[in-house]
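Below, each chain spelled out in residue letters.
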Amino acid sequence: MPAGPSRPEAVARVVMSLLSYARWPEERETVKLCVDTGARYAAKLMEGGTLSTGRLVESRRVDMLADALIPGCDALYIGVMDEARRRKLTSAFVGKPVLVIAEEDFECEGGSMFCLSIRDSQVSFRINLDAIARSGIHVHPGVLQLGRRKAAAP
Amino acid sequence: MNLPGRRPSSAPPPPRPTLYGALRRIHLSVALIAVLMAGISLTLLGMTALRAYADHNLRLVARSIAYTVEAPVVFGDQAAAADALSVIASTEDVATVAVYDGDRQLLATWRRPGQDRFPALRQIAGELLTSGPAEQPIIHESQQVGTVRVVGDPIALLHFLLQGTLGLIACLLVTAVGAHYMSSRMLGDIIDPLRNLMRVAHAVRSERAFGQRMPPARIEELNALSEDFNVLLDELEAWQKQLQRENRSLAHRATHDGLTGLLNRAAFAEALDQALRTAAARNQYAAVLYLDSDDFKGINDRHGHAAGDVVLVGIAERIRGCLRESDTVGRLGGDEFAVLIEALRQPEDAIRAAEGILDAMNVPIDLPDGNSVMAPLSIGLAVFPVHARNGAALLHAADAAMYGAKRDSGATWHAAETAPPQRQA
């Protein structure tokens, strides 16, 4: 799609779609999306929006490394996965019902559940089944299959 | 009637169809029409049902594809959508599948390979046999995110139609053969008796073969017809025999004397001429005896006409009894008799025959009233070719000789005068 949407738009679309396929253990009217300051393509995402399920998405910016505790996040969008963020993720989010999406984590083993893969304006993703299972968030199998397919054929 | 310049049309009349041909044609037509109707209606019914199932199947395929490509459509993943399409569509009877996203933009498409052959045929078949492509919305969380459009492959329906047509043709062939066989068998029962009837009627008409009879037929009506015809033939045969008997009797009466059963004058003259021709050809003698009762008038007067008849019959019997089977006896009229003796070895043999007859008449004849009476004869004798060379002359000579005998004394014989040698060829 040469004249297609820009990268932030494509990213926003994929993230919102992922959120629409997710079921939290306790249902909520509004999905609170926290966007890490390190994310590069989160401009569009910051506008928030409405999911196809009818739920609202409220976005706010957080600094993963600075904020000691990041409460009230249903989903977290983080930028480049470095060692500091990995440690923070492991300590603060593992085992909690927070959907973690990494903007750049090719191996997708850093504790995030979905890892985007951005080429031009085409955005696909991989999944980390282990992280999804531990979080307690239910993700539609169709999405899991989509992520696994991508993992199998890079 | 014979108009000049107007000739009867020279075109021969069209040949009349035979009963066998007509009935067989009817049988065949009925059977073929029945099979054709049944076959066509079954095929149409099958087509309709199959079409309904095909449409239903197409919608199911569309729905199944819609479920499968939901996530790829939501994520706008073209490759994943195309993969999902081909996995499902390749095993189903679909020609093309297209997936559109929420903005009606084409996301992925799939075409069955080998669809390029006979595109026109496929299009026509598709339009005729299917009710168009199936569209199914792709729903994600009760919102439409895209559309699946599936076009069915009419090849399965075409196969069915082709097989149905082939089956129909096969059934038609089997039916034609079967109908031909059955009608041949059945028609044999109808046609054979009719042909027999035709043959017998023809034989009776052209050959007077009244002895012909119809064999019994299997079919009730035809059997009755045959029996009636046979009875009719019986009556005809009896009638014909009666006619022949009467003819023979009439012919006998025309040539024979009613009282004595001997030949009459005309028949005797004819037999004489015939015998003389034979004798002349074989160079043999033939003799004629002319016999006349000497006292017949007296017997009639004394004993009545009934007695006279008895005497005449008695004379005839005795003459007959003295002669060979091959000799001919005639009653020329009244009490006059004539005998023709053929194939004489010598003229004297005729004299012996005459004397034998005279001896036989020496015994009295019994009358019905108990009396008996003598009936002496006078005999004139003439021999071919000694005394005459033709029948009338010979008879005349014998007659003259008989009068000689009667003048002499009666109850005796006289030979004819030897004819003067005239026109000896």
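On a predicted model such as this, the values are computed, not experimentally measured, just so you know.

Trainee: Talk me through the overall build of chain A; I want residue IDs and the actual numbers.
Mentor: The secondary structure content of chain A amounts to four helices and nine strands. Here chain A, with 154 residues, has 51% of them falling under the buried criterion. Accessible surface computed for chain A: about 7,400 Å², of which carbon and sulfur atoms make up 53%.

Trainee: How would you explain the overall build of chain B if you had to name every residue and give the values?
Mentor: Helix and strand counts for chain B come out as 11 helices and 11 strands. Taking all 425 residues of chain B together, the buried fraction comes to 38%. The contacts of chain B with a sequence gap of at least 6 include a subset with a gap of at least 24, amounting to 66%.

Trainee: Quick rundown of a negative patch on the surface? Include the residues and the values.
Mentor: A grouping of Glu220, Glu221, Glu227 and Asp228 of chain B is seen on the molecular surface, where their side chains present a negatively charged patch. By secondary structure assignment, the location of glutamate 227 of chain B is in helix 6 (residues 220-255).

Trainee: Would you mind going over the interface of chain B and chain A in detail, with residue names and values included?
Mentor: Counting residues at the interface gives 15 residues for chain B and 17 residues for chain A. Overall, the association of chain B and chain A removes approximately 1,300 Å² of surface from exposure, summing both partners, and the carbon and sulfur fraction of that is 51%. Interface area lost by chain B to chain A is led by Phe75, His140 and Glu141 of chain B, which between them contribute 44%. The interface formed by chain B and chain A holds one salt bridge in total. Its salt-bridge partner being glutamate 141 of chain B, residue arginine 23 of chain A comes within 2.4 Å of it at the nearest N-O pair. Run the count over chain B and chain A and you get seven residue pairs in polar contact (both at pLDDT 80 or more). When contributions to the side of chain B that touches chain A are tallied by element, the ones reaching two or more residues are helix 2 (70-75) and helix 3 (78-89) of chain B. No other element matches helix 2 of chain B, which puts six residues into the side of chain B that touches chain A. Taken together, the residues of the side of chain B that touches chain A sort by class into seven nonpolar, four polar and four charged.

Trainee: I'd like to hear about the state of the cysteines, residue by residue, with values.
Mentor: All names here are of chain A. Per the counting criterion, the structure on display carries two disulfides over all chains. The side chain of cysteine 34 participates in a disulfide bridge whose partner is cysteine 73; the two sulfur atoms lie 1.6 Å from each other. Because the sign of the S-S torsion sets the handedness, a value of about -95° for the bond joining cysteine 34 and cysteine 73 places this disulfide among the left-handed ones. Separated by 39 residues along the polypeptide, cysteine 34 in strand 2 (residues 30-36) and cysteine 73 in the loop between strand 4 (56-62) and strand 5 (75-80) bring together distant segments of the chain. Assigned by exposure class, cysteine 34 and cysteine 73 land together as buried. Paired by a disulfide, cysteine 108 and cysteine 115 hold their sulfur atoms 1.9 Å apart.

Trainee: Summarise the sheet that holds strand 8 (residues 122-127) of chain A; cite the residues concerned and give the values.
Mentor: All names here are of chain A. The sheet built from seven strands is open, its strands ordered 3-4-2-5-6-7-8 with mixed pairing. Two strands close off the open sheet at either side, each with one partner strand: strand 3 (49-50) and strand 8. Sheet analysis places strand 6 (residues 99-104) next to strand 7 (residues 114-119), joined by two bridges and oriented parallel. Looking at the pairing, alanine 102 lines up with cysteine 115 of strand 7. On top of the sheet, helix 1 (residues 7-20) reaches strand 2, strand 3, strand 4, strand 5, strand 6, strand 7 and strand 8; it is set at about 155° to strand 7, its chief contact.

Trainee: Give me the pattern of salt bridges: which residues, what numbers.
Mentor: All names here are of chain B. Under the criterion given, the structure shown has 18 salt bridges over all chains. A salt bridge links glutamate 135 to arginine 149, with the shortest nitrogen-to-oxygen separation between them at 3.2 Å. Pair noted here: glutamate 135 is in strand 3 (residues 134-140) and arginine 149 is in strand 4 (residues 143-152), with a separation of 14 residues, a long-range link. You can call glutamate 135 partly exposed: its relative accessible area is 42%. Between arginine 218 and aspartate 189 there is a salt bridge whose closest N-O contact spans 2.9 Å. In this pair, arginine 218 is assigned in the loop between helix 5 (155-207) and helix 6 and aspartate 189 in helix 5, connecting sequence segments 29 residues apart. Judged by relative accessible area, aspartate 189 falls into the buried class, the value being 19%. Counted as one network, the salt bridges with shared partners bring together Arg213, Asp234 and Glu237.

Trainee: So what's going on with the packing of helix 5 of chain B against helix 6 of chain B? Which residues, and what values?
Mentor: Helix-helix packing is described using two parameters, namely the angle between the two axes and the distance between the axes. All names here are of chain B. In contact at an axis separation of 10 Å, helix 5 and helix 6 are set at 15° when each is read in the N-to-C sense. Comparing their axes, helix 6 and helix 5 come out roughly parallel. Of the two possible hands of crossing, helix 5 and helix 6 adopt the one that is left-handed. Note on element contacts: helix 6 touches helix 5 through Leu222, Leu225, Phe229 and Leu233, opposite Asp189, Ile190, Pro193, Leu194, Leu197, Val200, Ala201 and Val204.

Trainee: Which residues make up the nonpolar core, and what are the values?
Mentor: Counting residues in hydrophobic clusters, the biggest one holds 65 residues, and the most contacted among them are Leu19, Tyr77, Leu99, Phe114, Leu116 and Phe125 of chain A. Top element by residues in this core is helix 1 of chain A. It accounts for eight residues. Judged by nonpolar contacts, the second largest core, of 32 residues, contains Ile319, Ile341, Leu377 and Leu381 of chain B.

Trainee: Break down helix 9 (residues 305-321) of chain B for me, with residues and values.
Mentor: The first and last C-alpha atoms of helix 9 of chain B sit 24 Å apart over 17 residues, in line with the 24 Å expected at 1.5 Å per residue. Among the residues of helix 9 of chain B, those classed as buried are Ala307, Gly308, Val311, Leu312, Gly314, Ile315, Ala316 and Ile319 of chain B.

Trainee: Give me the confidence of the model for chain A: which residues, what numbers.
Mentor: Mean pLDDT over chain A: 81, with 90% of residues reaching 70 or higher. Across chain A, the element-wise mean pLDDT spans from 72 in helix 4 (residues 141-152) of chain A up to 90 in strand 9 (residues 138-139) of chain A.

Trainee: Got a sec to walk through the pairing of strand 1 (residues 94-101) of chain B? Specific residues and values, please.
Mentor: Residue and element names in this part refer to chain B. The buried count for strand 1 comes to eight of eight residues, which makes it a mostly enclosed element. With seven bridges connecting them, strand 1 and strand 4 associate as antiparallel partners. Paired with alanine 98 across the bridge in strand 4 is arginine 149. One ladder, built from five bridges, connects strand 1 with strand 2 (residues 106-111); its direction is antiparallel. The residue of strand 2 that forms the bridge with threonine 96 is arginine 111.

Cut-offs and rules
- Residues numbered from 1 in each chain as written.
- Chains lettered and ligands numbered in written order.
- Predicted model: local features only at pLDDT ≥ 70, side-chain atom pairs only at ≥ 80, totals over all residues.
- Heavy atoms only, no water.
- Helix = DSSP H or I, 4+ residues; strand = E, 2+ residues; numbered from the N terminus.
- Buried < 20%, exposed > 50% of the residue type's maximum accessible area, 1.4 Å probe, protein only.
- Areas by Shrake-Rupley, 256 points an atom, 1.4 Å probe, with all protein chains shown as cover.
- Contact = heavy atoms within 4.5 Å.
- Patch = residues over 30% accessible without salt bridge, like charges linked within 9 Å, V, L, I, M, F, W, Y side chains within 5 Å.
- Salt bridge = Lys/Arg side-chain N within 4 Å of Asp/Glu carboxyl O.
- Lys, Arg positive; Asp, Glu negative; His and termini not counted.
- Charge placed at Lys NZ, Arg CZ, Asp CG, Glu CD.
- Buried area = accessible area lost by both parts, 1.4 Å probe.
- Polar contact = N/O pair within 3.5 Å; in protein donor to acceptor, adjacent residues only side chain to side chain.
- Nonpolar A, V, L, I, M, F, W, Y, C, P; charged D, E, K, R; others polar.
- Disulfide = S-S within 2.5 Å.
- Pairing = 2+ DSSP bridges.
- Axes fitted to C-alpha atoms, helices over the stretch in contact; angles between N-to-C directions.
- Parallel < 35°, antiparallel > 145°, perpendicular 65-115°, else oblique.
- Left-handed = near helix turned anticlockwise from the far one by under 90°.
- Core = buried A, V, L, I, M, F, W, Y, C linked by side-chain atoms within 4.5 Å.
- Expected span 1.5 Å × (residues − 1).
- pLDDT = per-residue confidence, 0-100.

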